[in-house]
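Below are the chains, spelled out letter by letter.
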Amino acid sequence: MDIETRKVQQTGGSTYIISLPKTWAHKMGIEAGSRVSVRNQPDGSLYISTLDTTTKPKKRKMEITNYKGEGLIRNIIAAYVAGYDLIELVSPRILAEQKKIIREICHKLIGPEIIEETSKSVLIQDLLNPEEVSIKKSIRRMYLISTSMHKDAIQSLKTGEKDLALDVMLRDDEVDRLFLLISKQFRSLFRGTRLADTTETSIDEYHDFRLVASSLERIADHAHRIAGVTKKLQGSVPEEIMQPIEKASEDARSTVEKAIDALYSCDVKLANETIENIQHIKTDVDKLNASFMKLKDVETVVGLGTVADSIERTAEYGTNIAETAINMAIATTEESA
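Residues numbered from 1 in each chain as written. Predicted model: local features only at pLDDT ≥ 70, side-chain atom pairs only at ≥ 80, totals over all residues. Heavy atoms only, no water.

Draft legend 1. Structural context of the nonpolar core. By size, the foremost hydrophobic cluster in this structure holds 82 residues, and its most contacted members are Ile102, Leu157, Leu216 and Ile245. The biggest single contributor to this core is helix H10 (residues 298–336), with 12 residues. Non-local contacts of Ile102, meaning those with residues more than four positions away in its chain, are made with Ile64, Leu72, Ile76, Leu89, Ile114, Val122 and Ile124. (Core = buried A, V, L, I, M, F, W, Y, C linked by side-chain atoms within 4.5 Å. Buried < 20%, exposed > 50% of the residue type's maximum accessible area, 1.4 Å probe, protein only. Helix = DSSP H or I, 4+ residues; strand = E, 2+ residues; numbered from the N terminus. Contact = heavy atoms within 4.5 Å.)

Below, the structure written as structure tokens:
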């Protein structure tokens, strides 16, 4: 990217002025008398944009004849995350199976809706206004859903409730939707899109929140994994084994909770304490795995081993969030020093 410099001039004795790059002004339709908005950013920079929000929609046309199943899903998600407002899927003949996948993936994403559909094309439009969605609120919602999933997954393991396990697995879609939305917002930020909280959240902080979202998405995946064990296991887990599983699960959730609290409060001390606490969880998980070996049923041993691994991984993702909290807190302190 070419960087142009401008000399600051003074006019009227108290006003500083600079000229706008001519090529940019022409591209944005700016001429003498046009008005632009100027906003202060958290990092000290200025954000200059036109007041006209009726920009031309960004469109992507994709040939999908040879794409089915996961391949088709990946292509649509890639176009969504890339920030296209309109996605046109075309083929000499779009199969019923392909249309079913297209409808399902639109339902699983936040914003996209099918607005036109023929035998040869499907037009998807993203109806979400990015200025209305705060990344901090999205992160908070991801945290609440993923930790409740983990808690309910352990409860389903304890009671053997297959229906509760299924409910946990279905909730994973909501976390995925939020994660993809955050990924899309993060990329949109670099293209100059005005987002809901850019006046109070710097690009560096957006990057860190994107890392946190990734950890929360993985925590939800492990809750889904635990619920999957419940669906497969026959019979109940012995009480003497279930109690330490519940204790390790509570500690793992507590790790995530404290990490999120440290993130939003910029509490370096709490974040460090959270990270240092991981070792005792690992020790408890080792004890759990040793206790499983006393069981006679091999399928139960393998299933509970999966549960113990997911509990440990959940705690580890919590420490990842705590590390990000430290990075953000230190960076904020440096800026205000």
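There's more to say after this.
Draft legend 2. Seen up close, the sheet that holds strand E5 (residues 59–63). Ordered in space as E5-E6-E8-E7, the four strands form an open sheet in which the pairing is mixed. Sheet topology places E5 and strand E7 (112–117) at the edges, where each strand pairs with a single neighbour. Here the average twist between neighbouring strands, direction ignored, is 20°. Of the strand pairs in this sheet, strand E6 (residues 86–90) and strand E8 (residues 121–126) are connected by five bridges, and their pairing is antiparallel. By the bridge assignment for E8, Leu89 is matched with Val122. (Pairing = 2+ DSSP bridges. Axes fitted to C-alpha atoms, helices over the stretch in contact; angles between N-to-C directions.)

Draft legend 3. Quick peek at the packing of aromatic side chains. Evaluated as defined, the whole model comprises one aromatic pair. Ring geometry for Phe209 against Tyr264: centres 6.3 Å apart, planes inclined by 40°, an arrangement best described as tilted. Of the two residues, Phe209 sits in helix H6 (residues 203–232) while Tyr264 sits in helix H7 (residues 239–265), which places them 55 residues apart along the sequence. Its end group placed over the ring of Tyr84, Lys58 keeps NZ or CZ at 4.6 Å from the ring centre. Over the ring of Tyr264 we find Arg140, and its NZ or CZ is 4.5 Å from the ring centre. (Phe/Tyr/Trp six-rings, centres within 6.5 Å; stacked < 30°, edge-to-face > 60°. Lys NZ or Arg CZ within 6 Å of the ring centre and 35° of its normal.)

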